[in-house]
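# Summary of structural features
Next come the chains, spelled out residue by residue.
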Amino acid sequence: MNQPHSQTTEALREPLQDAAEIRARFDAARRAGKRAKDAAESLGLSEGAAVAAHAGQHEFALKATPLHGPWVELLQGLEACGEVMALTRNEAVVHEKTGVYRNVSGSGHIGLALGEEIDLRLFFDRWHAGFALSEPANAADKPPSQSLQFFDRHGVALHKIFVREATDRAAFNALVARFAEPSASVEYVAATPAEAPRADAQIDAAGLATAWGEMTDTHQFFGLLKRFEVERQQALRLTQGRFTERAPKAAIKSLLDEAAMDNTSIMVFVGSPGCIQIHTGPVRRIEPLVTPGAQWLNVLDPGFNLHLREDMIDAVWIVRKPTSDGDVTSVEAFDTSGTLMAMFFGARKPGTPELSAWRELVARLPRLS
C-alpha cells in the first residue's frame, strides 16, 4: 500500500515543549472522552510526541516506557505471550485482529508475521520509536490496559499491540522488561508535504499498460509504479477501461454486505506507513454507525474488527492484475487526500486461482460510467 499523506501531521501547531503541561492537557482531553490520537492532535501534537511526554516519573495515569530494538526480535517474543490484539490504522480506517504472533521474520528492513490470525507486512525502516504503555482500567476491579505502540519519525502510529484477557501478562511484562530503555529520549520531526504526482502527459501510458499486461505476480505492481514514476491512483486512471473501472463510493458497503450474505472469504488489507495488516476469512456482522462528524462502516466479528470512515471515501476502483495463476481482482478505496484507505481481495494463496465467488461478487458491484 502506498504511504498515507501526512496531512494531519502537517496541520499540527508548534509543539508544546513542557512535558508536564503536555501530560496535564492530554489527561484532560482523554477525560473529556477523546481517543489518544485525537487528544494529541487537540494539543497540536503528534500521537507519538504525546506518548513520549509520558515517559519517566510523573503523577498521571498513563505511563510510557521507551523500548529498543531490534523490533523483529521484540515481535518474535510476543508468541510466548499468547493471544493479543494487533491494530494497524491510517487516517480513515482501523484494522484490528486478535490472535497470536507466529512465524515472525525479518530480512533487512522488511519483516513478516505469518500467523493464522496475525498476518503482517512490516517496513522497519519506518519504525522510529516504540513504547510500552500502561493505563489503569475504568473499573477498579479490572487489570490495567497494557500495549506496545510504535511510531515513525513524524510521530505517526505505525502498529499497536494490546493485551487481552487471554494474554499471559507475566510473559508480556517480561518481554517489556527485556526491551525497556527507560533513559531513552525520543524526538520527532515535522512531516513535509508529499510531492505532487507528475502530469499525465509526462507518463508513458502506453508503456505502463504494456508492462501491466505482462505482470505475473501482484507484488510486481509496486515496482511497476516506481519504474514509470506514476502515482497509484494516477496509474489506475491511465489504464481505465483496460485493467481498471470506477465504482461508486457505496460499493465498499455493498461488497461487505454481499460477502457477509454469501459467506465469501475475503482479504482486507489496511496499511500505515510502516505496516500492512491483513484479514483473511469471512465477514459476518456489518454495522454502519453515524456519529457527530463521521459516518462509520464497521465489521464487528469475533477476532476481527474493521472501522472504516465511509464519509472519507473519495474514489473506489476495481482493479485487475494479471498473474501466473490468472487474473487477480481487487477493490481499492481512496480517501479525499488520495491516500489508499483499504484494499479488498478474494481469499487466496499464491499458486491458486482467484475464488469464483469473489469474481461473481465483484461483477455484481455497480460501476460508474
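The residue numbering used here restarts from 1 in each chain and proceeds along that chain's sequence as written. At least 70 in pLDDT is required for a residue's local features to be given in this predicted model, at least 80 for side-chain atom pairs to be given and counted, and no such filter applies to totals for whole chains, interfaces and linings, which use all residues. Each side-chain value is worked out from all heavy atoms of the structure, with water and hydrogens disregarded.

## Side note on the pattern of salt bridges
A pair is scored as a salt bridge if a Lys or Arg side-chain nitrogen falls within 4 Å of a carboxyl oxygen belonging to Asp or Glu. Enumeration over the complete set of coordinates arrives at 21 salt bridges. A salt bridge links Glu 79 to Arg 102, with the nearest nitrogen and oxygen atoms 3.4 Å apart. With Glu 79 in the loop between helix H5 (71–76) and strand S2 (84–89) and Arg 102 in the loop between strand S3 (93–99) and strand S4 (104–107), this pair connects stretches of sequence that are 23 residues apart. Between Arg 121 and Asp 119 there is a salt bridge, with its nearest N and O atoms 2.6 Å apart. Linked through salt bridges whose partners overlap, the residues forming this network are Lys 37, Glu 41 and Glu 91. Strands here mean DSSP runs of E at least two residues long; helices mean DSSP runs of H or I at least four residues long; both are numbered from the N terminus.

## Topic: the pairing of S4
Pairing between S4 and strand S5 (residues 110–114): 4 bridges, direction antiparallel. Along S5, the bridge assignment pairs Ser 105 with Leu 112. What sits between the antiparallel neighbours S4 and S5 is a turn of 2 residues, in which Gly 108 has the positive phi angle 65°. We treat two strands as partners when DSSP finds at least two bridges between them.

## Thoughts on the state of the cysteines
When two cysteine sulfur atoms lie within 2.5 Å, the pair is treated as a disulfide. Per the counting criterion, the structure on display carries 0 disulfides. The closest cysteine sulfur to the non-disulfide-bonded Cys 81 is located on Cys 275, 17 Å from its own sulfur. Burial classification: accessible surface area is computed with a 1.4 Å probe over protein chains only, and a residue below 20% of its type maximum counts as buried, one above 50% as exposed, and the rest as partly exposed. Judged by relative accessible area, Cys 275 falls into the buried class, the value being 0%.

## What to know about helix H7 (residues 205–213)
Looking at H7, one finds that the buried residues are Gly 207, Leu 208, Ala 209, Ala 211 and Trp 212. As for H7, its buried residues are in contact with helix H8 (220–227), helix H9 (232–238), strand S10 (244–247) and strand S16 (313–321). We call two residues in contact whenever any of their non-hydrogen atoms come within 4.5 Å of each other.

## Section: the side chain of Asn 298
Within the secondary structure layout, Asn 298 lies in strand S14 (residues 294–301). For this analysis, a polar contact is any N or O atom pair within 3.5 Å, provided that within protein one partner can donate a hydrogen and the other can accept it, and provided that sequence-adjacent residues contribute only side-chain to side-chain pairs. A polar atom in the side chain of Asn 298 sits 2.9 Å from the side chain of His 307. Residues within four places of Asn 298 in sequence aside, it is in contact with Arg 285, Ile 286, Glu 287, Leu 289, Leu 306 and His 307.

## Section: the packing of aromatic side chains
Pairing of aromatic side chains here covers Phe, Tyr and the six-membered ring of Trp, requires ring centres within 6.5 Å, and sorts the geometry by plane angle: under 30 degrees stacked, over 60 edge-to-face, intermediate tilted. Summed over the entire model, instances satisfying the criterion amount to 8 aromatic pairs. For the pair Phe 124 and Trp 127, a centre-to-centre distance of 5.1 Å together with 75° between the ring planes defines the contact as edge-to-face. A relative accessible area of 6% places Trp 127 in the buried class. When the ring of Trp 212 is compared with that of Phe 221, the centres are 5.0 Å apart and the planes differ by 70°; the resulting orientation is edge-to-face. Like Trp 212, the residue Phe 221 is buried in the burial classification. Grouped by ring-pair contacts, the aromatic residues Trp 71, Phe 124, Trp 127 and Phe 150 constitute a single cluster. Put simply, a charge is over a ring when the Lys NZ or the Arg CZ is close to the ring centre, within 6 Å, and near the line of the ring normal, within 35 degrees. Over the ring of Trp 317 we find Arg 246, and its NZ or CZ is 5.3 Å from the ring centre.

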